[in-house]
Amino acid sequence: MVRGTPSYAFVTFLLRSRAFSSQNRRGSTQFRNLIAESEQGCCHTKDPDAKDRNFTRIAKEICGITRTKPRWENTLLSQYPSFNFADPSFFLLYLNHQNNAFLSLRFFHWLCSHCDFLPDQSSCTALFDLLVDAGACKAAKSLLDCSGFTPEPASLECYIQHLCSDGMVEDALDVFVMLRKVGFSPSVTTWKASLLGCLKVGRTDLVWTLYEQMTESGVVASIDVETVGYLIKAFCAENNFVKGYELLGQVLENGLCPDKTVFNVLITGFCKEGQYARVSEILHIMIAKKCNPDIFTYQEIINRLLKKKNSEGFRVFNDLKDRGYFPDRVMYTTVIKGNCEMGRLGEARKLWFEMIQKGFLPNDYTYNAMIHGYCKMGDFVKAWKLYKDMCGRGYIEPTVSYCTMISGLCLHGKTVEAMSLFKEMSHKGVVPDLVTYNSLIKGLCKEWNLVKATKLFNKLLAQGLEPSAFSFTPLIKGLCKVGDTQGAIRLWKDMHDRHLEPMAITHDHIIVGLCKEGNSAQGMEWLLNMLSLKLKPQRQTFEYLINSLSQEDKLDDIMVVLDLMFRLGYTLEESIIHSLVSKFSKENFHLPNLCLVKILERN
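Below you will find a few notes about this structure. Quantities reported herein were computed from a predicted structural model and do not represent experimental measurements.

Rules behind the numbers
Residues numbered from 1 in each chain as written. Predicted model: local features only at pLDDT ≥ 70, side-chain atom pairs only at ≥ 80, totals over all residues. Heavy atoms only, no water. Helix = DSSP H or I, 4+ residues; strand = E, 2+ residues; numbered from the N terminus. Buried < 20%, exposed > 50% of the residue type's maximum accessible area, 1.4 Å probe, protein only. Contact = heavy atoms within 4.5 Å. Areas by Shrake-Rupley, 256 points an atom, 1.4 Å probe, with all protein chains shown as cover. Phe/Tyr/Trp six-rings, centres within 6.5 Å; stacked < 30°, edge-to-face > 60°. Core = buried A, V, L, I, M, F, W, Y, C linked by side-chain atoms within 4.5 Å. Salt bridge = Lys/Arg side-chain N within 4 Å of Asp/Glu carboxyl O. Disulfide = S-S within 2.5 Å.

It is worth spelling out the overall build of the protein chain at this point. Summing up its helical and strand segments, the protein chain has 34 helices and zero strands in all. Buried residues in the protein chain amount to 45% of all 603 residues. Look at the contacts in the protein chain between residues 6 or more apart in sequence, and 60% of them connect residues 24 or more apart. Taken as a whole, the protein chain presents about 30,700 Å² of accessible surface, with 53% of it coming from carbon and sulfur.

With that settled, the discussion passes to the packing of aromatic side chains. Evaluated as defined, the whole model comprises 27 aromatic pairs. When the centroid spacing of 5.7 Å and the interplanar angle of 80 degrees are considered together, the rings of phenylalanine 85 and phenylalanine 90 count as edge-to-face. Each of the two residues, phenylalanine 85 as well as phenylalanine 90, counts as buried. A ring pair is formed by tryptophan 208 and phenylalanine 235, whose centres lie 4.8 Å apart and whose planes are at 45 degrees; its orientation type is tilted.

Moving on: the side chain of histidine 507. Following the sequence through the fold, histidine 507 ends up in helix H29 (residues 504-516). With sequence-adjacent residues up to four places away left out, histidine 507 is seen in contact with Trp492, Pro502, Trp526, Met530, Leu533 and Leu535.

Take the nonpolar core next. Across soluble globular proteins, nonpolar side chains show a tendency to be buried alongside one another. Counting 170 residues, the largest nonpolar core has Ile62, Phe85 and Phe107 as its most contacted members. Look past the residues within four positions of phenylalanine 85 in its chain and what remains in contact with it is Ile62, Leu76, Leu77, Tyr80, Phe90, Phe107, Trp110, Leu111, Cys115 and Phe117.

Right, let's get into the pattern of salt bridges. Pairing between side chains becomes possible if they bear opposite charge and their charged atoms approach one another. Under the counting rule described, the total for this entry stands at 13 salt bridges. Between arginine 106 and glutamate 73 there is a salt bridge; the shortest N-O distance is 2.6 Å. Of this pair, arginine 106 sits in helix H6 (residues 101-114) while glutamate 73 sits in the loop between helix H3 (48-68) and helix H4 (76-79), and the two are 33 residues apart along the sequence. With relative accessibility at 31%, the residue arginine 106 sits in the partly exposed group. Residue classification places glutamate 73 among the partly exposed residues on the basis of a relative accessible area of 24%. When the shortest N-O distance is used, the salt bridge between arginine 498 and aspartate 494 registers 3.2 Å. Take arginine 498: its relative accessible area is 30%, and that puts it in the partly exposed class. Linked by salt bridges that have partners in common, Glu170, Arg203 and Asp205 make up one network.

This part takes up the side chain of glutamine 213. For glutamine 213, the position within the fold is in helix H12 (residues 204-217). According to the relative accessible area criterion, glutamine 213 is buried, its value standing at 13%. Leaving out residues up to four positions away in the same chain, glutamine 213 has contacts with Phe176, Arg180 and Trp191.

Turning our eyes to something else, we now look at the environment of valine 430. When you line up the elements, valine 430 lands in the loop between helix H24 (415-428) and helix H25 (434-446). Expressed as a C-alpha distance, the spacing of valine 430 and threonine 399, which sit 31 residues apart in the sequence, is 6.3 Å.

Below, the discussion takes up the state of the cysteines. Applying the stated criterion across every chain yields a total of zero disulfides. For the unlinked cysteine cysteine 115, the closest cysteine sulfur is that of cysteine 112, found at 9.2 Å.

Pasting the structure below:
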């Protein structure tokens, strides 16, 4: 562990260690004087028990002062002018009565800086343990760094577990190094706590570092199924699901079976990759090992399948019910939404009523799923009826619902009705989100109403919303279509300055727009830039550029564009071939027959 510079008080302790015993003797005399002078009327006594009682009383008094007075550091010495605050036994007694880790640390720093307190191993250990038990890992680390003492191995093990719980996993690894230096091997419990802590903060690299250290220390032989489960989860966190599955197989061969969370992580991973056959295998393994999948396992599978619009999710849902599981409202909503996304409104309605019969009332998410389905199908009457019903039940999700209906109206070319709903939102104090603005901008651009679309875009910015690439793309396309390609390029640069990744089609729109304006040279620049970014232009883009270059008699550039086009696997329309051959022959282009052969061969 990298430690800071030891405190001044601690350095003084090292230099004055020989004088420490005589100082304690002086402290005993001062304590007897303090008792004699105490306002509580305590008199000089040779009774050791009386000394301890008064010593305890003073410690309790000071505990009370440090708890209740905000600036006790300025007055404490004057309140007890003859008391030996540097006595280590007093600090231990103070800790015993204080039971507040942060106040104890504050008092410790005050003693070191104002009372020549020289902390010994016992004082530092007691304070360190108190801080660790309180979960004050940063304060405990600060104590280690400034004092330079080494706690007992048992204290360090507890410290490691708290560090990992707080996500301070790199510091925990430093403590492992400290333990290794003194020849102490941590328990499996400590190793497992560290592995889990690394997983929680996504540091799989440290998981493997710890596992390597476990191997070197000889702990691997006693690793249990829980530890192996952490390793499987680490593989899955790195998207190496096959390795995780192989390790699961080894565990099962040894007669061990991980808990459901390990299976669920593998299922989630294979669902992401679309390996549903492997998901089915894992489900069968769980059933065979009597580790029956719970409702959450099925929820994950169904959710992933339906997100990919895989109808297999509906079969799994029905199989779930046949096996005696009882889907909850969340699962019903998931399947209803999946049906709506795939245009199966009839099935969605059946599940809607089935859910109600089972005692689950639709929530705002369920309503919005159905509203979205109706809007997607263009049935705005039923969508609006559902919206009214939702509001009547007291659900407050107007932004999502309005956005859903506005998006649906724009999709079906009903921008007038969409704008009407948009105005209604303002009257009701409902704040539109970015998706609402993007839907309206796209709808207006489709109808060539670029003036209104631009006004909405500016309003979006005025509202403090950050535009997305979907905010810019329809406007860029629209400006290129109406002949304002330079305006489109300015928007493209604005998007680039905002660190937004322009969609590939955006480049196509600009190239086509430049060609229509007769600016083939700039069009060529955009094409080459597009290819340098590993973006694939559309075939239509190449054709527009070839026609534009042909009109400007730039035959050499045409050959370059043709070469690039053929490399991407595109072919030429027959009419373009005839036009090019005619052009080359008419212009007496160098080796026209050879050029023609090349064009025909590569086409």
